[in-house]
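Coordinate inspection notes
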Amino acid sequence: MSTIAIFGSYVLARKDGAQDVLRDHWVLVEGKRIAAVTRDRPSADRVHDKPGRFILPGLLNLHNHCFSEAVARSHTEDGNGRRNNQSIVYTVLLPLTKRGADLLSAEERLAIARLGILQLLKGGATTVMEPFRNSIPEMFDAAEEMGIRFYGAPYLFSTSDAKAGPDGVVRYAGDDGAADMATWEALYQRWNGRGDGRIGLAMSPHATDTCGPDLLKACAARARELGVPVTTHLAQSRAEVETIGKRYGGRTPAEYLDWLGLLAPDLLAAHCIASTDDDLKLMASRGATVLNCPRVFARAGVTAAFSRFAGQGVRTVVGTDGYNMDLLGELNAASIISKTSSQRADVANSPELIESITATAACVIRRPDLGTVAPGATADLTVVDLTHPHLQPLYDPRRALVALANRANIDKTIVDGIVLIDEGRYVNGDEAAITSAGAAAIRKIWDLPEAQAAFSG
């Protein structure tokens, strides 16, 4: 069994259920497990002994979109593609990912998936939950190949052809629920437990306005039978709220899911920006989780404040939504946006935000072996280099991590005791080649006439 010893000037451990920052400790990894956290230097096959490192539990990113956000990248900033200042979900993301998945070869789709996984690993994420169109199964292949812990969440739609017209109004077509459930089942049988247990599935009905009651109830029943999480988009726009209200007797999206029995501790609901305070109180009472992705909304001038959700008692974790895929940068955005919107400096504090992508996120997916640096825990670790000039002089490593650090400070990303990122570089492949192949595939989508029309709208 191989062993690795890593020296941490700081180690984020736990004491009496709370975070505890240890100074000048070693973390010893034996195989897939953490064997010891000790002051004394242990003997090991490989020793990483550099000062100024902050050893964290492997960071968990529970909401990300590798494929769709790559399609939108550097096109949809500054309001581009937002007809009548509406969401790009129905003008860009859904229609172009559907078209792209059909247009590209399996190898091209795999190239885009590899590019996304590379970004996640270089951003310090050891675990990702990734919703994507079920016509892009290559996401699983890339995750298995590149070593990340992966909760694949292939979408299920009652209507997979939702598009906004020139007037900005979303029109829904198709009836794909049964076919999508069959596809999900086939992917579950093929992939769940692969990669030596690193690969799993989550049930992912796309959103409240694209999934009808029968599909949502079937998703929840099957997910609970299998013990997998349920994740969906909830109240991510005011148009969605209006649509659900018209369809279902004035209910809000949260009330709609509660009516169907989905609002429960196994539900991970992305965004929730158009939820009312009463909706959030309902979610808190049911034990549901909000997946807060502040930066993707901030670029559109919309506030998605971590502090608002957490302040209503809702379990809240931070994800990237694919935009930039820099989880440390996302924490910084969550902090600043929360403080600005609430006009309070003490909300969304550093320990709370770090907890949201470590221990809290591990609890959400029922993995007590993750999200902690302790003997017996799974050896998923994120190591941050705090010696950079913008992080010095240093007093509090947690405050520095949230307020000042970013993906460029990631030194190591370790999954199941295997070092995947070392000194900031991916160790098992050519980063330049992965990036070039993924970008070339995306450009084929950009060249489509419908893409040009969508981006200029």
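1. Topic: the overall build of the protein chain
- Along its length, the protein chain carries 17 helices and 20 strands.
- Computed over the C-alpha atoms, the radius of gyration of the protein chain is 21 Å, within 12% of the 23 Å expected from 2.2 N^0.38 for a compact globule of 457 residues.
- Counting across all 457 residues of the protein chain, residues that qualify as buried make up 60%.
- With 49 positive and 54 negative side-chain charges, the protein chain shows a separation of 1 Å between the mean positions of the two kinds.

2. Digging into the sheet that holds strand 13 (residues 230–234)
- With parallel pairing, the four strands of this open sheet are ordered in space as 13-14-15-16. In the strand order of this sheet, the two ends are held by strand 13 and strand 16 (315–318), each with one partner. For this sheet, the mean angle separating the axes of adjacent strands, direction not counted, is 30°.
- Two strands pair when backbone bridges link them, and strand 15 (residues 289–292) and strand 16 are joined in this way by four bridges, in the parallel orientation. Across the sheet, the residue bridging to Val290 is Thr316, located in strand 16.

3. Re the layout of surface pockets
- One number sums up the size of the largest pocket: a volume of about 740 Å³.
- Lining the largest pocket are 42 residues, and of these Ser87, Gln236, Ser237, Ile273 and Phe297 lie nearest its centre.
- Of all the secondary structure elements, the ones that give two or more residues to the lining of the largest pocket are helix 1 (66–72), helix 2 (89–103), strand 7 (125–132), helix 7 (238–247), helix 10 (294–298) and helix 11 (306–311).

4. Section: the side chain of Arg198
- As for its position among the elements, Arg198 is in the loop between helix 5 (177–191) and strand 11 (199–201).
- The buried charged residue Arg198 lacks any salt bridge partner; its closest oppositely charged side chain belongs to Asp416, at an N-O distance of 4.6 Å.
- Separated by 3.5 Å, the side chain of Arg198 and the backbone oxygen of Gly147 make a polar contact.
- Those residues in contact with Arg198 that lie beyond four places of it in its chain are Ala143, Glu144, Gly147, Ile148, Arg149, Phe150, Val415 and Asp416.

5. Regarding the nonpolar core
- In this structure, Ile117, Phe150, Met203 and Met283 are the most contacted members of the largest nonpolar core, which totals 86 residues.
- Those residues within four positions of Ile117 in sequence are excluded, and the remaining contacts are Cys66, Met139, Ala142, Ala143, Met146, Ile148 and Phe150.
- Counting residues in each nonpolar core, the second largest holds 23 residues, with Phe54, Val318, Ile354 and Ile357 among its members.

6. Section: helix 2
- With 15 residues, helix 2 should reach 21 Å at 1.5 Å per residue; the first-to-last C-alpha distance of 19 Å fits that figure.
- Where helix 2 bends most, at Leu96, the angle is about 25°.
- Burial runs high along helix 2: 11 of the 15 residues are buried.

7. Considerations on the packing of aromatic side chains
- Overall, the coordinates contain 11 aromatic pairs when judged by the stated rule.
- Judged by centre distance (5.4 Å) and plane angle (15°), the rings of Trp184 and Tyr188 are stacked. With Trp184 and Tyr188 both in helix 5 and four residues apart, the pair spans about one turn of that helix. No difference in accessibility class separates Trp184 from Tyr188, as the two residues are buried.

8. Focus: the pairing of strand 8 (residues 149–156)
- Burial of strand 8 is extensive: eight of the eight residues sit out of reach of the surface.
- Residues Arg149, Tyr151, Ala153 and Tyr155 line one face of strand 8 and the alternating positions Phe150, Gly152, Pro154 and Leu156 line the opposite face, and both faces are buried.
- Looking at chain direction, strand 7 and strand 8 are connected through six bridges and run parallel. Paired with Val128 across the bridge in strand 8 is Phe150.
- Between strand 7 and its parallel partner strand 8, the chain crosses via helix 4 (residues 138–146), and the hand of that crossover is right-handed.
- Pairing of strand 8 with strand 11, which is carried by three bridges, proceeds in the parallel orientation. Of the residues in strand 11, the one forming a bridge with Gly152 is Leu201.
- Pairing between strand 8 and strand 12 (residues 204–205): two bridges, direction parallel. Following the sheet pairing, Leu156 is matched in strand 12 by Pro205.

9. Considering the side chain of Ser307
- With respect to the helices and strands, the residue Ser307 is situated in helix 11.
- Here Ser307 is in contact with Ser338, Ser341, Ser342 and Val347, once residues within four sequence places are set aside.

10. Description of unusual backbone geometry
- In this structure, the amide linkage connecting Gln392 to the following residue, Pro393, adopts the cis form with an omega of -5°.
- Looking at the element boundaries, Pro393 is found in the loop between strand 17 (381–385) and helix 15 (397–403).
- Its identity as a non-glycine residue notwithstanding, Asp24 has a phi of 55°, on the positive side.
- When its relative accessible area of 36% is taken as the criterion, Asp24 is described as partly exposed.
- Unlike most non-glycine residues, Asp196 shows phi in positive territory, near 60°.
- In this fold, Asp196 is placed in the loop between helix 5 and strand 11.

11. Quick look at empty space enclosed by the protein
- Summed over all chains, the structure comprises two cavities of 30 Å³ or more.
- Its volume calculated, the second largest cavity comes out at about 30 Å³.
- Looking at the second largest cavity, the residues that line it are Leu12, Ala13, Arg14, Gln19, Pro57, Glu355, Thr358 and Gly371.
- No other element matches strand 1 (residues 3–15), which puts three residues into the lining of the second largest cavity.
- Along the lines of polarity and charge, the residues of the lining of the second largest cavity split into three nonpolar, three polar and two charged.

Quick notes on the rules
- Each chain has its residues counted from 1, running along the sequence as written.
- Under the rules for a predicted model, residues below a pLDDT of 70 receive no local features and side-chain atom pairs below 80 are neither given nor counted, while totals for whole chains, interfaces and linings still include all residues.
- Side-chain descriptors were evaluated using all non-hydrogen atoms of the structure, hydrogens and water having been removed beforehand.
- Numbering of helices and strands runs from the N terminus, with a helix taken as a DSSP run of H or I at least four residues long and a strand as a DSSP run of E at least two residues long.
- Computation of the radius of gyration draws on C-alpha atoms alone. For the globule rule, the value is 2.2 Å times the number of residues to the power 0.38.
- Think of it in three bands: residues with accessible area under 20% of the maximum for their type are buried, residues over 50% are exposed, and the middle band is partly exposed, with areas taken using a 1.4 Å probe on protein chains only.
- Lys and Arg are tallied as positive, Asp and Glu as negative. Neither His nor the chain termini are counted.
- Charge coordinates come from a single atom per side chain, which is NZ of Lys, CZ of Arg, CG of Asp or CD of Glu.
- At least two bridges found by DSSP between two strands are what make those strands a pair.
- Orientation is described by lines fitted to C-alpha atoms, with helices fitted over the stretch in contact, and by angles between N-to-C directions that extend from 0 to 180 degrees.
- The distinction between a cavity and a pocket rests on a 1 Å grid over the protein atoms alone: a 1.4 Å probe fits inside a cavity but cannot get out, while a pocket stays open yet meets protein on both sides within 12 Å along at least five of seven lines, and a residue with an atom within 4 Å of a point counts as lining.
- Grid points are joined across faces, edges and corners, and a volume is the space filled by probe spheres set on the points.
- What makes a salt bridge here is a side-chain nitrogen of Lys or Arg within 4 Å of a carboxyl oxygen of Asp or Glu, nothing more.
- In protein, a polar contact requires one atom able to donate a hydrogen and another able to accept it; more generally it is a pair of N or O atoms within 3.5 Å, and residues adjacent in sequence count only if both atoms are side-chain atoms.
- The contact criterion used throughout is that any non-hydrogen atoms of two residues lie within 4.5 Å.
- Residues grouped as a nonpolar core are buried Ala, Val, Leu, Ile, Met, Phe, Trp, Tyr and Cys residues, joined through side-chain atoms within 4.5 Å.
- Expected helix span is given by 1.5 Å per residue-to-residue step, counting one fewer step than there are residues.
- A residue's bend is the angle separating two fitted axes: one through the seven residues that end there, the other through the seven that start there.
- Put simply, two rings from Phe, Tyr or Trp (the six-membered ring, in Trp's case) pair if the centres are within 6.5 Å, and we call them stacked under 30 degrees between planes, edge-to-face over 60, tilted for the rest.
- Crossover handedness is defined by viewing with both strands directed away from the observer: a clockwise path from the first strand over the helix to the second marks the crossover as right-handed.
- Gly is put with the polar residues, along with every residue not named as nonpolar or charged; the nonpolar set is Ala, Val, Leu, Ile, Met, Phe, Trp, Tyr, Cys and Pro, and the charged set is Asp, Glu, Lys and Arg.

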